[in-house]
Amino acid sequence: GELVLATHNKGKVREFEAMFQPRGVTIRSAADLGLAEPEETGSTFEANAILKAEAAMVATGLPALADDSGLAVAGLDGAPGIYSARWAGPGGDFNMAIARVFRELEGRYGSFAAAPKEAAFIAVLALAWPDGRTLTFPGVVDGRIVEAPRGEGGFGYDPIFIPLGHTQTFGQMSAADKHKISHRRRAIDAMVKALFAES
Ligand code: ITT
C-alpha cells in the first residue's frame with residue numbers, strides 16, 4: 001500500500017521507514033511531497049495528530065498517517081507535552097529544550113536532585129482515510145529523566161530519557177533497540193492490531 005506520512009520531522013520519518021519497510025508499505029513524507037505544515041492548534045496529542053493526518057489526506061487524496069508526540073515530565077505537570085517541539089524554538093534547538101526542562105525543574109524544586117524524575121514519552125497516531133474515517137492509536141513508554149544528556153542517537157529528548165527497566169537513554173541505544181520499546185512502536189503495534197482485526 002501507499003501511505004503519506006504527515007510529518008516534517010526527519011527523526012520520525014526515519015523511525016517509520018524502519019518500522020514499515022518490512023511490511024512492504026511505501027511511505028511518502030509530507031516534507032518530500034511539499035505539503036504545508038498545518039498549525040497545531042489542538043490542546044491534546046490526539047487533536048493535533050488528527051489535524052495533521054486529515055490535512056495531508058485532503059491535500060493528496062491518499063491515506064495519511066500523522067504522529068503527534070512528546071515528553072511528559074511528571075514534576076512539570078506533564079510539560080513540555082504537546083509543546084515538546086515548540087520548546088526547541090523555531091530553529092529546532094533541542095539543547096535549548098532540554099536546558100529548559102532542567103531550568104524549570106530547578107526553579108520548582110531547588111535542584112535537579114530534589115526533583116521527581118518520572119517522565120513518559122507519548123505518541124498518538126492518527127490514520128485518515130480518503131473515505132472520511134480517521135482512527136487514532138496511542139502509545140506510551142514510562143521512564144525517567146537524567147540530568148546530563150547521554151548518547152548521540154535518536155532525536156529530540158532521547159539523550160535525557162531512560163525507559164523503565166533499562167540503564168541507557170534512548171540516545172545511547174541502537175535505533176533497533178529503541179524501536180522495540182518506544183512509544184511510537186507501541187502506537188504502531190496498536191494500529192497494526194486494529195487494522196488486522198478489522199479486515
Ligand atoms: P511534525 O508535527 O511535522 O510531525 P514535530 O517535530 O513538530 O513534527 P510534534 O509536534 O509531534 O512533531 O512534536 C514532537 C516532539 O516531541 C518532537 O519534535 C521531539 O522533540 C519530541 N519527541 C517525540 N518523539 C520523540 C522521540 O521518539 N524521541 C525524542 N523526542 C521525541
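Please read these numbers as outputs of a predicted model, since none were measured by experiment.

Q: Whenever I open this one, helix α1 (residues 10–20) confuses me. Can you help?
A: An α-helix turns once every 3.6 residues. As a result, residues three or four positions apart point the same way. Considered for burial, the residues of α1 that qualify are K12, E15 and F16. Summarising the axial view, the buried residues of α1 lie within an arc of 95°, below the 170-degree limit, and thus occupy one face.

Q: What exactly am I supposed to notice about the environment of E46 here?
A: Secondary-structure assignment places E46 in helix α2 (residues 45–60). The spacing of E46 and L135 is 89 residues in sequence and 10.0 Å in space, taken between C-alpha atoms. The contacts of E46, once residues within four sequence positions are left out, are V124 and T136.

Q: Explain the confidence of the model for the protein chain to me, please; I cannot follow it from the model alone.
A: One rule of thumb: low pLDDT means the predicted coordinates there are not for detailed reading. Here the protein chain shows a mean pLDDT of 95. Residues at 70 or above account for 99%. Complex prediction metrics read pTM 0.95 and ipTM 0.98.

Q: Mind showing me how you'd approach the site of the ligand here?
A: For the ligand, the set of nearby residues contains 23 residues, the closest of which are T7, N9, S84, A85 and G156. Looking at the shell around the ligand, the element that brings in the most residues is strand β3 (residues 64–73), giving five residues.

Criteria and thresholds
Residues numbered from 1 in each chain as written. Predicted model: local features only at pLDDT ≥ 70, side-chain atom pairs only at ≥ 80, totals over all residues. Buried ≥ 20, exposed ≤ 12 C-beta atoms within 10 Å, placed from the backbone. Helix = DSSP H or I, 4+ residues; strand = E, 2+ residues; numbered from the N terminus. Arc of directions from axis to C-beta. Contact = placed C-beta atoms within 7 Å. pLDDT = per-residue confidence, 0-100. Near = placed C-beta within 6 Å.

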